[in-house]
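Residues per chain, in single letters:
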Amino acid sequence: MQNRFDIIVIGGGHAGVEASIVAARMGNNVALLTSAIATLCKPSCNPNIGGTAKGHLVKEIDALGGAQGLLADKAGIQFKMLNKSKGAAIWSPRAQIDKDLYPKIVHQHLLKVQENHTLTIIETTANEILVEHSKVVGCRTKTNETLFANAIVLCAGTFLNGKMFTGLDISYGGRVGEPPVEKISDLLTSHGIKKGRLKTGTPPRIHRDTIDYSKLSVETGDEQPVPFSYQTQVVKNQIVCHSTETNATTHDILRTGFARSPMYTGLIEGVGPRYCPSIEDKITRFAHRSSHKILLEPEALNTTSIYVNGYSTSLPRDVQLAGLRTITGLEKCEILTAGYAIEYDFFFPYQLKPTLETKAIDGLYFAGQINGTSGYEEAASQGLIAGINAALKLKNAEPFTLKRSEAYIGVLIDDLVNKSTNEPYRMFTSLAEYRLLLRQDNADERLSKYGYNFGIIPRTQYDKVVDMYSTVSQGFDEARKLKLRADAVNTYLERIEETPLIDSTSIAQICRRGKVDTMEILKLANNLPPNLAKIKENMELAWKLDVEIKYEGYIIKQKREVEYFLENENKIIPTNFDYDALNSLSKEALQKLKEIRPASLGQASRISGVSATDIAIISFYMKAK
């Protein structure tokens, strides 16, 4: 077996696959180590990609040249745009995927990458990370083979000392049927990297033929489903989901199992996800609520397994089943796989550079749940950034980081590095200060230039993006100038209950009204200038123009806020800055600043425990120097 590579990626989950693909496309000889090719990117929990804010991440991954969006399109069986009743900034695409098909499509995609790039998939488990003089040099596998590399991206998921719980029953593994990785955590702590324990969980899967669907509500996908990837032309819905809810009886039965719950008997030490709580956590924290929504989602097209979304639990199997059978439509259900909790090691992410390289070990990058995040999308985002930076490092090129004002990925990594985390981190739209600029629909406009510059995105694809947004921008200028007569549009305005016009008015001014559809206005105009004529024939372009027109004032305001934000971002703090010389800093600020070593005044201002006064002191000292 070849044993020398430029980059080794450890772990075949969402982070590892993105890291290996992008590193190979950037011209490196890459090895991807996975315990089983058949389980590449296997959904350990809910078989879906995207969702609120997570969908933004997937669109950004795709815009940078990553794979997750394209893979989800190919394996998707139901597509839905969430939050459409609200503003465009928080619209979020989501897809239910076929859990059996997805790993196969991932493998096929990796094989296509292999055709044009140097990528080797090795079916093995890494047992040790090899470090010499605080620099990574390779890894040793469970079969005692040594692989050498100049950089390693560690994407261990929940496998580091993974321990699973169903009631008082304990087993060891990264997920059901797959063994844990036991040595790596202790080895890394011996190099001074601090670790902790986190917990996550998954609900039971029940047999589809034991459900009474006549009692359930139907949950359909969008009538006109929208793909994740800019490379995908069409996707289609192939399933429907169903919903029901728990009740007071359900909650009473579940409480009877608390004495045998690993959460309440002290067996689980790790902190669980705040925003995806177990059902036992829900009925304890929200005792005033008599019910919680349950969504029944098919896990694949050719399976009898139904995922009980909203019922994540580590209670004993008999209690899980008894509780399920009190829920409308599930009175005769049978469990295929019981829900369980999993506890695993992670490393506090303040120990990372913004590139996701560890500060303690040169050339070692962490990506995914090892950094304390939850979710396939957060993991894939980190894998992509880690893979890019590992490749850049080997070229002695400038590292790549995304600012909070550029991408949700930038927000994610900035939060991890500066605020660290004591619980599984999940992305939300509310975490992005500039979310009106960071919409899911304009990810390609924001980020494709980077993917193209790194050689990940082909010129033809990039030129298409440039042309599209040039058309929208010039169309906006035309819409400001071109006026329509009142009699040409008043019938339409009255039909949608908008106030009729008195005088001729520009298309842009008309389309600023909340109920007005820009495409409908363009249809009413004759002799349109070239860009508006092009937009009139394309629903996607028309929607983009509609958003730009309606939110113009807010977009201008946020761009001004970004300019102010960038002022502090561009005030670089020297790497050898002596914080101990600043006697006026608070003790907490001094500790955090020395731990994280922020690269800029802006980054320092976002560190938990660093006050505005502390920032003013640092700024004054930098000016004095």
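Everything below is about the structure printed above this text.
To keep things clear, this report deals only with the structure shown in the data block. Given the structure is predicted, the values throughout are model-derived calculations rather than measurements. (Residues numbered from 1 in each chain as written. Predicted model: local features only at pLDDT ≥ 70, side-chain atom pairs only at ≥ 80, totals over all residues. Heavy atoms only, no water.)

**Description of the pairing of strand β15 (residues 241–245)**
Here is step 1 of the chain: Summarising burial for β15: four of the five residues are buried, a large majority.
Here is step 2 of the chain: The pairing of strand β14 (residues 217–219) with β15 spans three bridges and is antiparallel. Paired with S217 across the strands is S243, a residue of β15.
Here is step 3 of the chain: Relative to strand β16 (residues 293–298), β15 runs antiparallel, the two sharing four bridges. (Buried < 20%, exposed > 50% of the residue type's maximum accessible area, 1.4 Å probe, protein only. Helix = DSSP H or I, 4+ residues; strand = E, 2+ residues; numbered from the N terminus. Pairing = 2+ DSSP bridges.)

**Focus: helix α1 (residues 14–25)**
Helical geometry note: an α-helix holds 3.6 residues per turn, so side chains three or four residues apart project in the same direction.
Here is step 1 of the chain: Between its first and last C-alpha, α1 extends 17 Å over twelve residues, near the 16 Å set by a 1.5 Å rise per residue.
Here is step 2 of the chain: Counting buried residues in α1 gives eleven out of twelve residues, a clear majority hidden from the surface.
Here is step 3 of the chain: Of all the positions in α1, only H14, A15, G16, V17, E18, A19, S20, I21, V22, A23 and A24 are classed as buried.
Here is step 4 of the chain: Looking one or two residues past α1, G27 carries a phi angle of roughly 95 degrees, positive in sign. (Expected span 1.5 Å × (residues − 1).)

**Brief notes about a nonpolar patch on the surface**
Here is step 1 of the chain: There is a patch of nonpolar side chains on the surface, built from L168, I170, Y172 and L267 and spanning about 370 Å² of accessible area.
Here is step 2 of the chain: You can see L168 is positioned in the loop between β10 (163–166) and β11 (169–172). (Patch = residues over 30% accessible without salt bridge, like charges linked within 9 Å, V, L, I, M, F, W, Y side chains within 5 Å. Areas by Shrake-Rupley, 256 points an atom, 1.4 Å probe, with all protein chains shown as cover. Salt bridge = Lys/Arg side-chain N within 4 Å of Asp/Glu carboxyl O.)

**Comments concerning the pairing of strand β2 (residues 30–34)**
Here is step 1 of the chain: Along β2, five of the five residues are buried, which leaves the element largely enclosed by surrounding structure.
Here is step 2 of the chain: Burial along β2 is two-sided: V30, L32 and T34 and A31 and L33, pointing in opposite directions, are all buried.
Here is step 3 of the chain: Pairing of strand β1 (residues 4–10) with β2 involves four bridges; the strand directions are parallel. Across the sheet, I10 pairs through a bridge with L33, a residue of β2.
Here is step 4 of the chain: Handedness of the β-α-β unit built from β1, α1 and β2 comes out right-handed. (Right-handed = clockwise from strand over helix to strand, strands pointing away.)

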